[in-house]
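Structural overview for review
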Amino acid sequence: MEMPKPDDGVIARRREIATALREIVPGEGVIVDEDALRPYESDGLTAYKTLPLIVVLPETTEQVSQVLRYCHENAIKVVPRGAGTSLSGGALPLADGIILGLGKFKKILEIDYDNRCAVVQPGVTNLGITDAVRDDGFYYAPDPSSQIACTIGGNIAENSGGVHCLKYGLTTNNVLGLEIVMMDGEVVRIGGKHLDSEGYDMLGLLTGSEGLLGVVTEVTVRLLRAPETARAVLVGFPSNEAAGECVAGVIGAGIIPGGMEMMDKPAIAAAEAFVEAGYPLDVEALLIVELDGPEVEVDYLIDRVEGIAKANGAISIRVSNSEEERARFWAGRKAAFPAIGRISPDYYCMDGTIPRSQLPKVLTRMTELSNEFGLRVANVFHAGDGNLHPLILYDANEPGELEKAEEFGAEILKLCVEVGGVLTGEHGVGVEKRDLMGTMFTEDDLNQQQRVKCVFDPDSLLNPGKVFPELHRCAELGRVHIKRGEMRFPDLPRF
Amino acid sequence: MSTLLKPETVDHVRDVVAWAAAEETPLELVGSGSKRSMGRPGNAAHTLDMSAFSGISLYEAEELVLSAGAGTPIAGIYAALQEQQQELAFEPPDYGPLLGLPEGAGTLGGVLAANLAGPRRIKAGAARDHFLGFTAVSGRGELFKSGGRVVKNVTGYDLCKVMAGSWGTLGAMMQVTVKVLPAAEKLRTVLVFGCDAVQGVAALTQALQTPYEVSAAAWVPQTVAAHSNVGYVRESGASVAAIRIEGPGPSVEYRCATLRDQLAPFGATEELHGHNSAAFWREIRDVRPFAEPGDTRVVWKLSVPPQSGAKLATALAAVVDGEFYVDWGGGLIWLAVPEAGTGGNEAVRAAVAESGGHATLIRAPAELRSAVPVFQPQDPGLARLSQRLKEGFDPRGILNPGRMYPGV
Ligand SMILES: Cc1cc2nc3c(=O)[nH]c(=O)nc-3n(C[C@H](O)[C@H](O)[C@H](O)COP(=O)(O)OP(=O)(O)OC[C@H]3O[C@@H](n4cnc5c(N)ncnc54)[C@H](O)[C@@H]3O)c2cc1C
C-alpha cells in the first residue's frame, strides 16, 4: 500500500505553516513537537504509521473554517481526526499534511426531547450522547463496540454501525442535521430537526464519506426512548450451517431482533477464556439473540426464537433471566477483539458483508485459506445483516507475517465480493481496502464517485490517498467524451 | 418533433443518453408517468420511458433484499412481498388520486427517485433508508453503479442517498435493490378526540416519548375527520389524534391499553383494530383528505421540526385561508390552499424559513409550478453544491433539467 508521495516543498515550510496556524488557533492548539505528534501517528489500524506535519486542535467552527481556508490557499493537505479508532486507516496522517483534530469539540449543545433529538459537537463520544440522556430514559441507537472512545464526528464519517443496527439502523438512519466546513473554508448547514432533504440528500452523501468531503463541526442526532426490557438467548449449534439456518428462520418468521450475533468456535474459545461468560465450549457456533421491548413482547418472542432454535438443531439454549445475566452473555461477544488480542501478539480485524446464505461457503473457504497462509482466524458475525468480522491472528515481530496477514485479509474480502457481498460493512475503505476497490467497482463507477469528491474538494486536499486507488484530476474527470453525430440507436423502439 | 424513446437494454439507454448529450437535447425520464405533474414543468422534446426495465430479478425474504427493474410497477412489488408477509417499511404513498390519476400506478424506481415515505417515516425512515443499490446511466452516457445487494455496506460514497430524491436529474436507473422487512403481525390505532392542533401534537409527542415504538402519529381536524371512510373517525364529530401501534399481538394490546390510559387527560379515547387502522392510515398516507373529486386546491407538503408543526400550521392556515392536517408527530404538514394567486407561496416560505425545514408544492397547475419554486429554495452555499453535483453527473444538463431547481 502506497500513499501519495509527500511534497517536500510543503514539508520545508513546516515552521511557517505552524506560525500561520498559531495565529488562527492560539496557545496549545498547534502541535509541532515530535513527541507530542507521536500519539497521532496512526489510528486503530496500527500497522500503518506516519508522523503528521503538524497537529492542529481548533475549538470553534470559525477556527476550523480559517484553518481550512489557509490550507486551501496554500495547497496543504488536511486529515480530519476524531478519536482515531478507525480500523481502516481513515485517519492515517500524511507526512506533508496537517491533522485537524476535533477532540476539543466536546460540548453537548442541546437536548430536545420534544423534537426527540440532540445537537452535539463532533468530538462528543458516541456513548457520551447516550450518557447525557440515559437518566431520562432515552438513548442514541447506533452502538459501535468502540462507543466509549469513538466520536460522533468519526461515526458520521464512517457511517458506523453496532450490534443493534439490524433493528435500529446505522448512523445514516439516525442523523438529522450537520454543520460542515468545506475545504475552502465555507460553512454549510444541512438538515436540522426536520426529516428529509429539500433537494439532493447531502446529509446521506456526507455520512460515510470518510472525511473526504467536509469537516463535520456539528451534528443533530435522533434520540429514541429506551425499550422497557431486553433479554438475550444464547444458543449453541453443532455447525455453522445450523446457526445460519436458525438466523434465516428467525427473520423468516418475521422477527427482527434487537441484536443477533454469531461467533465461531475459535472466537467462542478465546472469549470464554478471557471473560468467562459461560459460553458452551462443545459447540461449533454460538448465537446471541437479543429481544427488546415491553415484557409481554419479549417473553412472547423469546418463546418463538427458542422454538426456531430447537427446530434448527440447537444443542444448548439459555435465556437470560436478569440484567446481570444478559450482560454476561454479551460480555464475551463485546470483548471478542481484546480476547483475540490475548491469544495472539497481533490480530487484523476484517469487515466484509456477505449474503447470509453464503456463510457456510465463505467459512469453509476461509479455513482453507487459513491453512494455506498458516495463520489462524476467528470469526464474529453480525448475523442478521451478514456483516462478517474475521480476525486474523499474526505476529508482527515475525518478518513477513504482517504482509501475509494482509494478503490473507485481501483474499477474504475478494471472496466476500465474489459471493455477492461487499468489501466493508461498517469500518470503511480508508487506506486498508483502497486498492481492492477495483474488485467491486469498474473504472466508470469509481470515476463517478470521484466526481462527487470534486464537487466538494476540487483540489483534493481533504484526506487524499484514502478510499480511491487512483486519483484523477477533477478537470480531467469533468470532460465529456461525446461527439455529435447521427442517431446511433436504429433498433430502439420509438413511438 | 417529440419522440417517446423506450429502451429495452442497458446499451439502448447508454446510446440514447449519449446521443442526447451530444445533441444537448433534454430528456424527460418517466417510469409509469404517475408523478409527471410533480416538480417544475419541463419542456423536453424527448421522453425516455424506462418501463421496459421491469420485473423482480432477486427476492430473498430471509436476507431482507429485493432487486428489480426500476420500471417495475409498484403494485407487482407489493404482491410479491405480501406472499412472504413482508413490506416496504417506508410505506410509499400513492399520490395518484391526489393528482387526479388512478390509484395503484407508479414504479419502484419512481418511488425511490422521489424519496417518498408514508406515516411510518418517523420510525422506519424514507425510501432513502431502504435503498441499497442501483445501476444507472449518467448524463455522460456512462453505466455506473453504487451500493450492493446486502443490507450493510459502506464501500465508497453512498450514492443511493443522492439518487433517492433526485427526481431523475442525475441518472437513468435500470436495476435497483431495496431492503424489505417483515410486516407486523398485528396493527391497532389509539384515537384521542377533541384536541386542537397544538394539544393534539402534544398528545402525539407524549406517545412518541414512550418506549412503545409508535409507528405513526397524526392529527386531523374535525373538518377532515368528517370525510374519513372509517366510521369511528367520521362520526366522532371531533378532531382526531391518532397513534399507530404495530407488532406481535400481545405486545400491541399491552401498548395500546397503556397508551390509552396515559393519554386519557387529553380527551376521550378509542381504539381502531386492524382493518379500520389500515384504512385510516392509507387515507393519511395518500393525502385522501385533499383528493376528493373536484378539489382543485393547491397542496403543499411541509417538513418541519415536529414541535413547530401545529403552531406554524395553525397560523399559516389562517393567513392563506387553508386547511391542514398533521402527520409524523407534528413534523409533516399537509396544507391545502385555495387556488388563487401564488397558492400561498410567500406565506409558506416565510413560515418555513422561520421554523427550519422545507416546503414542497405537491399539487398545483403547471403555470403555478413554473411561477413559484416547487422545492424549497436553498441557501447559496447549498445551492452551489447542488448545482455542482448535477454537473458531476449530468454536465450537459439533459436529464430532467430544471425539474427540481432552475439549472439543476
Ligand atoms: C475495538 C474497536 C471496536 C470497533 N467496533 C466498531 C463497531 O462495532 N462498529 C463500527 O462501525 N466501527 C467500529 N470500530 C471502528 C471505529 O471505532 C469507527 O469507525 C468510529 O466511527 C471511528 O470514530 P473516531 O472518532 O475514532 O474517528 P477517527 O478514527 O478519528 O476517524 C475516522 C475517519 O473519520 C474522519 N473524521 C473523524 N472526525 C471527523 C469530522 N469531525 N469530520 C470529518 N471527518 C472526520 C477521519 O478523517 C477518518 O477518515 C471499532 C474500532 C475499534 C478500535
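Residues numbered from 1 in each chain as written. Chains lettered and ligands numbered in written order. Predicted model: local features only at pLDDT ≥ 70, side-chain atom pairs only at ≥ 80, totals over all residues. Heavy atoms only, no water.

It is worth spelling out the overall build of chain A at this point. In terms of helices and strands, chain A carries 18 helices and 19 strands. Here the C-alpha atoms of chain A give a radius of gyration of 24 Å, agreeing with the 23 Å that 2.2 N^0.38 yields for 495 residues. Counting only C-alpha atoms and orienting by the principal axes, one finds that chain A spans roughly 65 × 65 × 60 Å. Sorting the 495 residues of chain A into buried and exposed places 62% on the buried side. Put simply, 71% of the contacts in chain A that link residues at least 6 apart link residues at least 24 apart. (Helix = DSSP H or I, 4+ residues; strand = E, 2+ residues; numbered from the N terminus. Rg over C-alpha atoms; globule rule 2.2 N^0.38 Å. Buried < 20%, exposed > 50% of the residue type's maximum accessible area, 1.4 Å probe, protein only. Contact = heavy atoms within 4.5 Å.)

On to the overall build of chain B. Helices and strands together make up the secondary structure of chain B, namely 14 helices and 18 strands. A compact globule built from 408 residues would reach a C-alpha radius of gyration of about 22 Å, and chain B, at 21 Å, matches this within 12%. Its C-alpha atoms put chain B at 65 × 50 × 40 Å along the principal axes. A fraction of 73% describes how many contacts in chain B between residues 6 or more apart in sequence connect residues 24 or more apart. Of the roughly 13,200 Å² of accessible surface on chain B, 51% is carried by carbon and sulfur atoms. Taking the 35 positively charged and 41 negatively charged side chains of chain B as two groups, their mean positions are separated by 4 Å. (Areas by Shrake-Rupley, 256 points an atom, 1.4 Å probe, with all protein chains shown as cover. Lys, Arg positive; Asp, Glu negative; His and termini not counted. Charge placed at Lys NZ, Arg CZ, Asp CG, Glu CD.)

The next point concerns the side chain of Thr 207 of chain A. Residue and element names in this part refer to chain A. Within the secondary structure, Thr 207 sits in the loop between helix 8 (202-206) and strand 10 (215-222). Residue Thr 207 is classed as buried on the basis of its relative accessible area, which comes to 2%. Engagement of the side chain of Thr 207 in a polar contact is seen with the backbone oxygen of Leu 203, the distance being 2.7 Å. Apart from the residues lying within four places of it in its own chain, the contact partners of Thr 207 are Ile 156, Asn 159, Thr 171 and Thr 172. (Polar contact = N/O pair within 3.5 Å; in protein donor to acceptor, adjacent residues only side chain to side chain.)

The next subject is the interface of chain B and chain A. Taken together, the 95 residues of chain B in the interface contact 104 residues of chain A. Summed over both partners, the interface of chain B with chain A buries about 8,400 Å², with 58% contributed by carbon and sulfur atoms. On the chain B side of the interface with chain A, the three residues burying the most area are Lys 152, Val 154 and Tyr 157 of chain B, jointly 12% of the side's total. Taken together, the links from chain B to chain A amount to nine salt bridges. (Buried area = accessible area lost by both parts, 1.4 Å probe. Salt bridge = Lys/Arg side-chain N within 4 Å of Asp/Glu carboxyl O.)

Once that is clear, we can look at the pattern of salt bridges. On inspection of all chains with the given rule, the structure shows 54 salt bridges over all chains. In this structure, Arg 318 of chain A engages Glu 325 of chain A in a salt bridge whose closest nitrogen and oxygen atoms are separated by 3.9 Å. Given a relative accessible area of 32%, Arg 318 of chain A falls into the partly exposed group. The class of Glu 325 of chain A is buried, set by a relative accessible area of 16%. Because the salt bridges share partners, they merge into one network encompassing Asp 196 and Asp 201 of chain A together with Arg 121, Arg 128 and Asp 129 of chain B.

Because an α-helix packs 3.6 residues into every turn, residues spaced three or four apart end up facing the same way. All names here are of chain B. Spanning 14 residues, helix 1 (residues 10-23) covers 20 Å between terminal C-alpha atoms, matching the ideal 20 Å at 1.5 Å per step. The set of residues buried in helix 1 consists of His 12, Val 13, Val 16, Val 17, Ala 18, Trp 19, Ala 20, Ala 21 and Ala 22. Check the buried side of helix 1 and you find it contacts strand 1 (3-5), strand 2 (27-30), strand 3 (46-49), strand 7 (131-138) and strand 9 (171-179). In the stretch just after helix 1, Glu 24 is the one whose phi turns positive, near 55°. (Expected span 1.5 Å × (residues − 1).)

Turning our attention to the site of the ligand. Residue and element names in this part refer to chain A. Near the ligand you find 32 residues, and of these Pro 80, Gly 82, Thr 85, Ser 146 and Thr 151 are the closest. At 2.7 Å from an oxygen atom of the ligand is found a main-chain nitrogen or oxygen belonging to Gly 84. Ser 145 places a polar main-chain atom, nitrogen or oxygen, 2.9 Å from an oxygen atom of the ligand. When the ligand sits alone it has 970 Å² of accessible area, and the protein chains cover 93% of it. At the level of elements, strand 3 (77-81), helix 6 (152-158) and strand 10 are the ones that each hand at least two residues to the shell around the ligand. (Near = heavy atom within 4 Å.)

The pLDDT averaged across chain B works out to 96; a share of 100% of its residues lies at or above 70. Across the whole predicted complex the pTM is 0.97, and at the interface the ipTM reaches 0.97. (pLDDT = per-residue confidence, 0-100.)

This part takes up the packing of helix 2 (residues 14-24) of chain A against helix 4 (residues 61-73) of chain A. All names here are of chain A. Relative to each other, helix 2 and helix 4 sit at 155°, their axes nearing to 9 Å. By the criterion of interaxial angle, the relationship of helix 2 to helix 4 is roughly antiparallel. Of the two possible hands of crossing, helix 2 and helix 4 adopt the one that is right-handed. On the side of helix 2, the interface is formed by Glu 16, Ile 17, Ala 20, Leu 21 and Ile 24, while helix 4 contributes Gln 63, Gln 66, Val 67 and Tyr 70. Partitioning the contact of helix 2 with helix 4 into residue classes produces six nonpolar, two polar and one charged. (Axes fitted to C-alpha atoms, helices over the stretch in contact; angles between N-to-C directions. Parallel < 35°, antiparallel > 145°, perpendicular 65-115°, else oblique. Left-handed = near helix turned anticlockwise from the far one by under 90°. Nonpolar A, V, L, I, M, F, W, Y, C, P; charged D, E, K, R; others polar.)

What tends to happen in soluble globular proteins is that the nonpolar side chains get buried as a cluster. The biggest cluster of nonpolar side chains holds 222 residues, and the ones touching the most others in it are Phe 456 of chain A together with Leu 302 and Leu 335 of chain B. At nine residues, helix 15 (residues 401-418) of chain A tops the list of elements feeding residues into this core. Among all residues touching Leu 302 of chain B, those that are not within four sequence positions of it are Leu 312, Leu 316, Gly 331, Leu 332, Ile 333, Leu 335, Val 348, Val 352, His 358 and Ala 359 of chain B. (Core = buried A, V, L, I, M, F, W, Y, C linked by side-chain atoms within 4.5 Å.)

Residue and element names in this part refer to chain B. It is at 11 Å that the axes of helix 6 (residues 197-208) and helix 9 (residues 249-263) come closest, and there the two elements cross at 135°. With respect to their mutual orientation, helix 6 and helix 9 come out oblique. Crossing hand, helix 6 versus helix 9: right-handed. Contact residues: Ala 203, Gln 206 and Ala 207 in helix 6; Leu 259, Gln 262 and Leu 263 in helix 9.

All names here are of chain B. Enumeration over the complete set of coordinates arrives at seven cavities of 30 Å³ or more. Put simply, the largest cavity is a space of about 350 Å³. In terms of lining, the largest cavity is formed by 25 residues, of which the most central are Leu 29, Val 30, Gly 31, Gly 110 and Ala 113. Of all the secondary structure elements, the ones that give two or more residues to the lining of the largest cavity are strand 2, helix 3 (108-113) and strand 9. Here the residues of the lining of the largest cavity sort into nine nonpolar, 12 polar and four charged. Considering only enclosed or pocket space, the second largest cavity measures out at about 270 Å³ in volume. Among the secondary structure elements, those contributing two or more residues to the lining of the second largest cavity are strand 15 (298-303) and strand 18 (358-363). Classifying every residue of the lining of the second largest cavity gives 13 nonpolar, seven polar and four charged. (1 Å grid on protein atoms, 1.4 Å probe; cavity = no way out; pocket = protein on both sides within 12 Å on 5 of 7 lines; lining within 4 Å. Points joined across faces, edges and corners; volume = space filled by probe spheres on them.)

Residues and elements named next belong to chain A. Counting across every chain of the model gives one disulfide over all chains. Here Cys 454 is linked by a disulfide to Cys 474, with a sulfur-sulfur distance of 2.1 Å. The chirality of the disulfide connecting Cys 454 with Cys 474 is left-handed, given an S-S dihedral of about -90°. Here Cys 474 lies in helix 18 (residues 474-478) and Cys 454 lies in helix 17 (residues 443-456), a separation of 20 residues in the sequence. With relative accessibility at 15%, the residue Cys 454 sits in the buried group. (Disulfide = S-S within 2.5 Å.)

Next up on the list: the pairing of strand 11 (residues 186-193) of chain B. Residue and element names in this part refer to chain B. For strand 11, the tally of buried residues reaches six of eight residues, placing the bulk of the element in the interior. By the bridge criterion, eight bridges tie strand 11 to strand 13 (residues 240-247) in an arrangement that is antiparallel. Following the sheet pairing, Leu 191 is matched in strand 13 by Ala 242. One ladder, built from four bridges, connects strand 11 with strand 14 (residues 269-272); its direction is antiparallel. Note on strand 14: the bridge partner recorded for Val 190 is Glu 271. (Pairing = 2+ DSSP bridges.)

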